[in-house]
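What follows is the residue order along each chain.
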Amino acid sequence: MQLDRQPISDQTWTGIRSEFTLPALEHVRRRLSELMEDPEPVMRQLVRVFIDDGTFCPGFQFLPGGQLHPTVVELFHRAMERQIPHNYFTVWMVTPSRDLAGARPVDLLKGSPAPLLRALGSSRWKE
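First, a word on scope: everything that follows refers to the structure included in this document. What you are looking at is a predicted structure, and each value in this text was computed from that prediction instead of being measured.

1. Some words on the overall build of the chain
Line of reasoning, step 1. On a plain count of helices and strands, the chain comes out with 6 helices and 4 strands.
Line of reasoning, step 2. Along the chain, helices and strands appear, N-terminal first, in the series β-α-α-α-β-β-α-α-α-β.
Line of reasoning, step 3. Here the C-alpha radius of gyration of the chain, 14 Å, is about what a compact globule of 127 residues would show, namely 14 Å.
Line of reasoning, step 4. Taking the principal axes of the C-alpha coordinates as reference, the chain spans close to 40 × 35 × 25 Å.
Line of reasoning, step 5. Here the chain holds 127 residues, and the buried ones make up 43% of them.

2. What about empty space enclosed by the protein?
Line of reasoning, step 1. Summed over the entire model, instances satisfying the criterion amount to 1 cavity of 30 Å³ or more.
Line of reasoning, step 2. Of the volumes computed, that of the largest cavity is approximately 30 Å³.
Line of reasoning, step 3. Residue lining of the largest cavity: Gln-45, Val-47, Gln-61, Leu-68, His-69, Val-72, Val-73 and Phe-76, and that is the complete set.
Line of reasoning, step 4. The class makeup of the residues in the lining of the largest cavity is 5 nonpolar, 3 polar and no charged.

3. Examining the packing of aromatic side chains
Line of reasoning, step 1. For the coordinates displayed, the defined rule picks out 3 aromatic pairs.
Line of reasoning, step 2. With 5.4 Å between their ring centres and 50° between their planes, Phe-76 and Phe-89 make a pair best called tilted. Taken together, the residues Phe-76 in helix α4 (residues 70-81) and Phe-89 in helix α5 (residues 86-93) connect sequence positions 13 residues apart. Neither residue differs from the other here; Phe-76 and Phe-89 are each classed as buried.
Line of reasoning, step 3. A network of ring pairs unites the aromatic residues Phe-76, Phe-89 and Trp-92 as a single cluster.
Line of reasoning, step 4. It is Arg-17 that lies over the ring of Phe-56; its NZ or CZ is 5.6 Å from the centre.

4. Focus on the side chain of Arg-48
Line of reasoning, step 1. Looking at the element boundaries, Arg-48 is found in the loop between α3 (40-43) and β2 (49-51).
Line of reasoning, step 2. The charged side chain of Arg-48 is buried without a salt bridge, its nearest counter-charge being Glu-40 at 6.4 Å.
Line of reasoning, step 3. Side-chain polar atoms of Arg-48 contact the backbone oxygen of Met-43, separated by 2.7 Å.

5. What about the nonpolar core?
For soluble globular proteins, the rule of thumb is that nonpolar side chains tend to be buried together.
Line of reasoning, step 1. Counting 27 residues, the largest nonpolar core has Leu-75, Phe-89 and Met-93 as the members making the most contacts within it.
Line of reasoning, step 2. Put simply, the parts of the chain that give this core at least two residues each are α1 (10-20), β2, α4, α5 and α6 (114-122).
Line of reasoning, step 3. Considering every element that reaches this core, the biggest residue donor is α5, with 5 residues.
Line of reasoning, step 4. Setting aside residues up to four positions removed in sequence, Phe-89 forms contacts with Val-47, Val-72, Leu-75, Phe-76, Ala-79, Ile-84 and Leu-120.
Line of reasoning, step 5. Core analysis: the second largest hydrophobic core is formed by 8 residues, Val-28, Leu-32, Val-42 and Cys-57 among them.

Cut-off values and rules
Residues numbered from 1 in each chain as written. Predicted model: local features only at pLDDT ≥ 70, side-chain atom pairs only at ≥ 80, totals over all residues. Heavy atoms only, no water. Helix = DSSP H or I, 4+ residues; strand = E, 2+ residues; numbered from the N terminus. Rg over C-alpha atoms; globule rule 2.2 N^0.38 Å. Buried < 20%, exposed > 50% of the residue type's maximum accessible area, 1.4 Å probe, protein only. 1 Å grid on protein atoms, 1.4 Å probe; cavity = no way out; pocket = protein on both sides within 12 Å on 5 of 7 lines; lining within 4 Å. Points joined across faces, edges and corners; volume = space filled by probe spheres on them. Nonpolar A, V, L, I, M, F, W, Y, C, P; charged D, E, K, R; others polar. Phe/Tyr/Trp six-rings, centres within 6.5 Å; stacked < 30°, edge-to-face > 60°. Lys NZ or Arg CZ within 6 Å of the ring centre and 35° of its normal. Lys, Arg positive; Asp, Glu negative; His and termini not counted. Salt bridge = Lys/Arg side-chain N within 4 Å of Asp/Glu carboxyl O. Polar contact = N/O pair within 3.5 Å; in protein donor to acceptor, adjacent residues only side chain to side chain. Core = buried A, V, L, I, M, F, W, Y, C linked by side-chain atoms within 4.5 Å. Contact = heavy atoms within 4.5 Å.

What follows is the structure, encoded as C-alpha cells:
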C-alpha cells in the first residue's frame, strides 16, 4: 500500500470513530489518571491523530481496562522510526493490505506481531 500524504477524508475519521472510538486526548489523559498514579509514560506511547484543531486517540490501541495493546505500541514505535505521521499510521491500521492477504492490520492484533511488522516495513510511504 502506498500512502501519498493526501488529505484524509472526514469519512475515514467517522468510520474509525464508529468502529473503534476516537476519544479526545484530554479524555484519555483523565481516564488514564484514574487508572494509574503516573499516566505520563503511557501518554508518551499513544497513537494520536490530528483532526482540524483537535487531538484524538484511536480506540484500537487500547485493551479492555485501559492498557495499551503491546502490538500497537510496537508497530507505532516502528512507524515513528520510519517517520510515518500518526494520522497515516492510523489509516494504515484500518486499511486492507495485500501484504496481509487483504486483512486490515487492526484485525490481526491478536496474532503474532511479526506479519504486521513485515507489512508495515514493506508499505511504501511516499515523501
